[in-house]
There are 2 protein chains.
Amino acid sequence: MADWQKITGGITAPRGYQAAGITAGLKPSGLPDLALIFSETEAIAAGVFTTSQVKAACVEYCRQRLQAKHSARAILCNAGQANAATGTQGYLDTLESGMAVGQALNIPSESVLLASTGVIGQRIKMDALRSGIPKVVAALSETGSDAAAGAIITTDLVTKSIALETTISDRPVRIGGIAKGSGMIHPNMATMLAFVTCDAVVSPALWQQMLARAADRSFNSITVDGDTSTNDSLIALANGQSRTPAIIEWGAEAEKLEAMLTAVCQHLAKAIARDGEGATCLIEVEVTGTHDELSARQIAKTIAGSSLVKSAIFGRDPNWGRIAAAAGRAGVPFEQENLQIKLGHFLMLENGQPLQFDRVAASAYLKKAATGAYLQEDTVLISVNVGNGHGSGKAWGCDLSYDYVRINAEYTT
Amino acid sequence: MADWQKITGGITAPRGYQAAGITAGLKPSGLPDLALIFSETEAIAAGVFTTSQVKAACVEYCRQRLQAKHSARAILCNAGQANAATGTQGYLDTLESGMAVGQALNIPSESVLLASTGVIGQRIKMDALRSGIPKVVAALSETGSDAAAGAIITTDLVTKSIALETTISDRPVRIGGIAKGSGMIHPNMATMLAFVTCDAVVSPALWQQMLARAADRSFNSITVDGDTSTNDSLIALANGQSRTPAIIEWGAEAEKLEAMLTAVCQHLAKAIARDGEGATCLIEVEVTGTHDELSARQIAKTIAGSSLVKSAIFGRDPNWGRIAAAAGRAGVPFEQENLQIKLGHFLMLENGQPLQFDRVAASAYLKKAATGAYLQEDTVLISVNVGNGHGSGKAWGCDLSYDYVRINAEYTT
């Protein structure tokens, strides 16, 4: 059983945080497009960023800031322009943005982190940003999480938010998170972003390690279309305002904190996959029997990312042959005589031999997922075992529908 | 300039080959479904097969045959059932098929190679195959290439065939090829298959090396949906009937033969990509400036395989940001300050800085490709330079349309 409970409040649920989201005029749609997250005290900061060779200016900026010092007090995020592939001018824009936020909050600009999402190749509309910064600072509030969650999305259909609470030394410790993303890159609207707040007292090194592992088990295990963005960013703050004993080495309390951090990240990651462009259901793939966790995740991601598996599920076709083919090409050696495939509770292949199963009932299982409740009954479970190893891992994706193509093709320049 | 000319005759253009294609009753559609390629004398045989961990029985069979001896006289190919993930019984079926072909042709069964394409998890309909084998042997003819090309396809829209001729020591040497494929795996109809015949005199070791390199520069550089089949097979025979001097070491004549073999494979590979499920045009991506050829091909394949690039081209949207993003995530290090992107002759990004370009004309260029002549004016060219290295490479793909989803989803069990 999980060692935590769900609470309300999102990123402002942990103590000592404020947030805001406003309309600054960056998005052509006129929807909210500027978010600010603020910690009342300097917070430990960790980050995981895109592995792409083509990085947005804000990603370069954050990496440099976090290399120089492992703490921050504010994260400004704009939606509308990705500020990626914008050359030298794009980087100057990030420097100016950071300084403007620092001035408005009366904190050093070194304590300001930045994120952007939107059209690649477009600079941020700096006039709108300059006049928006004082407004978003003025709007900061201890109940501002939903406003911030709404201002970072682009073509997402829903906002993504979560907060969990546990106890450490009998005192409450909380982690909150918000995210955006609906396709690794959107039709010109780029990027997966996630911001996590925490009030635990934890060392910078541990916090960064926890975040990297949690990212591997969540955001790095989802796939919508296999495309990694130029702007992908996950930033996590820990400001110590829970006033619990400091976690400075591995042990039961560090494990507890990491498990809760992983749960927050997995919730947000699954919400992104479920909100994949055109998706009608969430696909969860669990792989067992590998040598290690990494190999299991690799097979799980290949299955969750296969266009053929995804379109079969959209077509409500229990086509296990495509699952077998995707597992086989994942780059992880296994004996096909050991392969076992289950869709929901339907066992379809065992010891590499096809089994008889109720195709009508299996198709009905897939149909049910398309109408199930959000992030609960709308999940299609694929279980694959490839051998006797102790490695296991999960990945998440969504089905591939006509709407994916429509969303990504019917943008005209 | 190419050192060869196009001729007619497909796989029966080289001397000493016969082929046939008949309807044996394997496909539910009643279309031709059994092909045989026959060399009048024992031919050097080389093969390149799927790298999937889940391999069809015929792939295991061919690998064992070619390991034991590097020659063959016949290739039997059935369409309808993939005979993959069919366990022990599937392998017994391949052994029986090989023996039946050997008996009907009066050759050792060790000289028979096999290929299958169709539904994964289904055994070959052995009754139909048993009665079909004598018929396909009786139908063998020196003009049977088109019949064979028509009997190996599944949901391909067109057959794929080519023959080229050059001279070695003033005598003609010919290579012919046929292929099928329209998606790395089809909606239950799996697989890319290609069969190449040649009448050159060449050593087994050189022929295998030439084939492996040609496959890397052709079939391994195309992508329709990123899915590798359980049955992918490329088999090339060289029977020596040109009676030209034997090519047993590297030199001008070996290079000439390999260049022509590569051209045959590239023609077939491009035809497969162009025939990708739902495609309206061929996409050719050329990458230059890398350290080596492999890195260039890797970037080119990532761009050609990106769902976002593919749907932008279907939408006739000159969205270079998606090309930049795909190049960036290909796993090949480069400096984004050196990135240059061209679509057709439109230069869009230079030294990592976006340029002004005529968006209407660039969109018209994409529109024109959708109506251009097959494998000629229907090609969208994407050129990417990432630095000053001497490596270059190409990859081919197709756009992503509504029809891809329709074809792959609207199969109901």
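Residues numbered from 1 in each chain as written. Chains lettered and ligands numbered in written order. Predicted model: local features only at pLDDT ≥ 70, side-chain atom pairs only at ≥ 80, totals over all residues.

### Details of the overall build of chain A
Stage number 1. Of the regular secondary structure elements, chain A holds 11 helices and 15 strands.
Stage number 2. For 413 residues, the compact-globule formula gives about 22 Å, and the C-alpha radius of gyration of chain A, at 22 Å, lands near that figure.
Stage number 3. Residues classed as buried in chain A amount to 63% of the 413 residues present.
Stage number 4. In chain A, once contacts between residues fewer than 6 apart in sequence are set aside, the share between residues at least 24 apart is 80%. (Helix = DSSP H or I, 4+ residues; strand = E, 2+ residues; numbered from the N terminus. Rg over C-alpha atoms; globule rule 2.2 N^0.38 Å. Buried ≥ 20, exposed ≤ 12 C-beta atoms within 10 Å, placed from the backbone. Contact = placed C-beta atoms within 7 Å.)

### Structural notes on helix H5 (residues 204-216) of chain B
Residues and elements named next belong to chain B.
Stage number 1. Spanning 13 residues, H5 covers 19 Å between terminal C-alpha atoms, matching the ideal 18 Å at 1.5 Å per step.
Stage number 2. Among the residues of H5, those classed as buried are Leu206, Trp207, Met210, Leu211, Ala214 and Ala215. Buried residues in H5, looked at end-on, bunch into an arc of 160 degrees, giving them a common side. (Expected span 1.5 Å × (residues − 1). Arc of directions from axis to C-beta.)

### Focus: the sheet that holds strand S13 (residues 353-354) of chain B
Residue and element names in this part refer to chain B.
Stage number 1. Sheet architecture is open: six strands sit in the order S13-S12-S11-S14-S10-S15, paired in mixed fashion. Taken across any chain shown, the strands that pair with only one partner, and hence form the sheet edges, are S13 and strand S15 (391-398).
Stage number 2. Across the sheet, helix H9 (residues 320-328) is in contact with strand S11 (340-343), strand S12 (346-350) and strand S14 (379-385); its angle to S11 comes to roughly 130 degrees. (Pairing = 2+ DSSP bridges. Axes fitted to C-alpha atoms, helices over the stretch in contact; angles between N-to-C directions.)

### Observations regarding the environment of alanine 56 of chain B
Residue and element names in this part refer to chain B.
Stage number 1. Structurally, alanine 56 can be placed in the loop between strand S3 (34-49) and helix H1 (57-68).
Stage number 2. Considering only alpha carbons, one finds alanine 56 and serine 221, 165 residues apart in sequence, at a separation of 22 Å.
Stage number 3. Apart from the residues within four sequence positions on either side, alanine 56 is in contact with Ala82, Asn83, Ala84, Ser116, Thr230 and Asn231.

### Let's talk about unusual backbone geometry
Note: most peptide bonds trans; most residues except glycine with negative phi.
Stage number 1. Its identity is not glycine, yet arginine 243 of chain A carries a phi of approximately 55 degrees, on the positive side.
Stage number 2. Residue placement: arginine 243 of chain A occurs in the loop between strand S9 (233-238) and helix H6 (252-274).
Stage number 3. Using a count of 12 C-beta atoms within 10 Å as the deciding quantity, one classes arginine 243 of chain A as exposed.
Stage number 4. We note that asparagine 83 of chain B has phi near 50 degrees; this positive angle belongs to a residue other than glycine.
Stage number 5. Mapped onto the elements, asparagine 83 of chain B comes out in the loop between strand S4 (71-81) and helix H2 (87-105).
Stage number 6. Owing to 32 C-beta atoms within 10 Å, asparagine 83 of chain B belongs among the buried residues under this scheme.

### Notes on the pairing of strand S5 (residues 112-119) of chain B
Residue and element names in this part refer to chain B.
Stage number 1. By the criterion of burial, S5 is predominantly enclosed, with eight of the eight residues buried.
Stage number 2. When S4 meets S5, the two strands line up parallel, connected through eight bridges. Residue pairing for S5: isoleucine 75 is matched across the bridge by leucine 113.
Stage number 3. As for the winding sense of the linkage, the β-α-β connection from S4 through H2 to S5 is right-handed. (Right-handed = clockwise from strand over helix to strand, strands pointing away.)

### Regarding the confidence of the model for chain A
Residues and elements named next belong to chain A.
Stage number 1. Per-residue pLDDT for chain A has a mean of 90; in total, 94% of the residues score no lower than 70.
Stage number 2. Low pLDDT, under 50, characterises residues 184-189; the stretch is placed with 27 contacts to residues that sit more than four places away or in other chains.
Stage number 3. Scored as a whole, the predicted complex attains pTM 0.82, and scored at its interfaces, ipTM 0.74. (pLDDT = per-residue confidence, 0-100.)

### Quick look at the pairing of S15 of chain B
All names here are of chain B.
Stage number 1. S15 sits mainly inside the fold: six of its eight residues count as buried.
Stage number 2. Sheet analysis places strand S10 (residues 282-290) next to S15, joined by eight bridges and oriented antiparallel. Of the residues in S15, the one forming a bridge with leucine 282 is cysteine 398.

### What to know about the environment of alanine 271 of chain A
All names here are of chain A.
Stage number 1. Mapped onto the fold, alanine 271 is located in helix H6.
Stage number 2. By the C-beta count within 10 Å, which is 27 here, alanine 271 ends up buried.
Stage number 3. Separated by 113 residues in the primary sequence, alanine 271 and valine 158 have C-alpha atoms spaced 8.8 Å apart.

### A few points about the domain arrangement of chain A
Stage number 1. Along its sequence, chain A is organised into domain 1 (5-274) and domain 2 (282-409).
Stage number 2. The C-alpha centroid of domain 2 of chain A is placed 31 Å from the C-alpha centroid of domain 1 of chain A. (Domains from an automatic or database assignment.)

### Remarks on the environment of glycine 9 of chain B
Stage number 1. Locating glycine 9 of chain B in the fold gives a position in the loop between strand S1 (5-6) and strand S2 (17-22).
Stage number 2. The class of glycine 9 of chain B is buried, set by 20 C-beta atoms lying within 10 Å.

### Some points on the sheet that holds strand S13 (residues 353-354) of chain A
All names here are of chain A.
Stage number 1. One open sheet accounts for six strands, arranged S13-S12-S11-S14-S10-S15; its pairing is mixed. Of all the strands in the sheet, the pair left with one neighbour each is S13 and strand S15 (391-398).
Stage number 2. Relative to strand S11 (residues 340-343), helix H9 (residues 320-328) is tilted by about 130 degrees, and along the sheet it contacts S11, strand S12 (346-350) and strand S14 (379-385).
Stage number 3. Packed on one face of the sheet, helix H10 (residues 359-369) meets S11, S12 and S14 and runs near 130 degrees to S14.

### Considerations on the packing of H2 of chain B against helix H3 (residues 126-138) of chain B
All names here are of chain B.
Stage number 1. Across the interface, H2 lies against H3 with an axial gap of 9 Å and an inter-helix angle of 25 degrees. If you check the angle between H2 and H3, you find them roughly parallel. Both H2 and H3 take part in a crossing whose hand is right-handed. Between H2 and H3, the residues in contact are Asp93, Ser97, Ala100, Val101, Ala104 and Leu105 and Met126, Leu129, Arg130, Ile133, Pro134 and Val137, respectively.
Stage number 2. Taken together, the residues of the contact of H2 with H3 sort by class into nine nonpolar, one polar and two charged. (Parallel < 35°, antiparallel > 145°, perpendicular 65-115°, else oblique. Left-handed = near helix turned anticlockwise from the far one by under 90°. Nonpolar A, V, L, I, M, F, W, Y, C, P; charged D, E, K, R; others polar.)

### A look at the packing of H5 of chain B against helix H6 (residues 252-274) of chain B
All names here are of chain B.
Stage number 1. Contact geometry of H5 with H6 gives a least axis separation of 9 Å together with a crossing angle of 40 degrees. Classified by the angle between their axes, H5 and H6 sit oblique to one another. Seen from above, H5 lies across H6 with right-handed handedness. Contacts between H5 and H6 involve Leu206, Met210, Leu211, Arg213, Ala214 and Ala215 from the first element and Ala254, Leu257, Glu258, Leu261, Thr262 and Cys265 from the second.
Stage number 2. Its residues assigned to classes, the contact of H5 with H6 shows nine nonpolar, one polar and two charged.

### Observations concerning helix H2 (residues 87-105) of chain A
Residue and element names in this part refer to chain A.
Stage number 1. Under the 1.5 Å per step criterion, the end-to-end length of H2 is 28 Å for 19 residues, consistent within 8% with the ideal 27 Å.
Stage number 2. Within the span of H2, buried status applies to Gly90, Asp93, Thr94, Ser97, Gly98, Ala100, Val101 and Leu105. The buried residues of H2 all sit within an arc of 165 degrees when viewed along its axis, so they share a single face. Of the exposed residues in H2, the ones pointing more than 90 degrees away from its buried face are Thr88 and Gln89.
Stage number 3. For H2, the secondary structure elements touched by its buried residues are strand S3 (34-49), helix H1 (57-68), strand S4 (71-81), strand S5 (112-119) and helix H3 (126-138).
Stage number 4. Positive phi shows up at asparagine 106, right after H2, with a value of about 60 degrees.

### Observations regarding the nonpolar core
A general trend in soluble globular proteins is that nonpolar side chains are found buried together.
Stage number 1. Leu36 and Ala148 of chain A are the most contacted members of the largest nonpolar core, which totals 283 residues.
Stage number 2. In this structure leucine 36 of chain A touches Ala19, Ala20, Ala74, Leu76, Val136, Val137, Leu140 and Ala148 of chain A, once residues within four positions along its chain are discounted. (Core = buried A, V, L, I, M, F, W, Y, C linked by C-beta atoms within 7 Å.)

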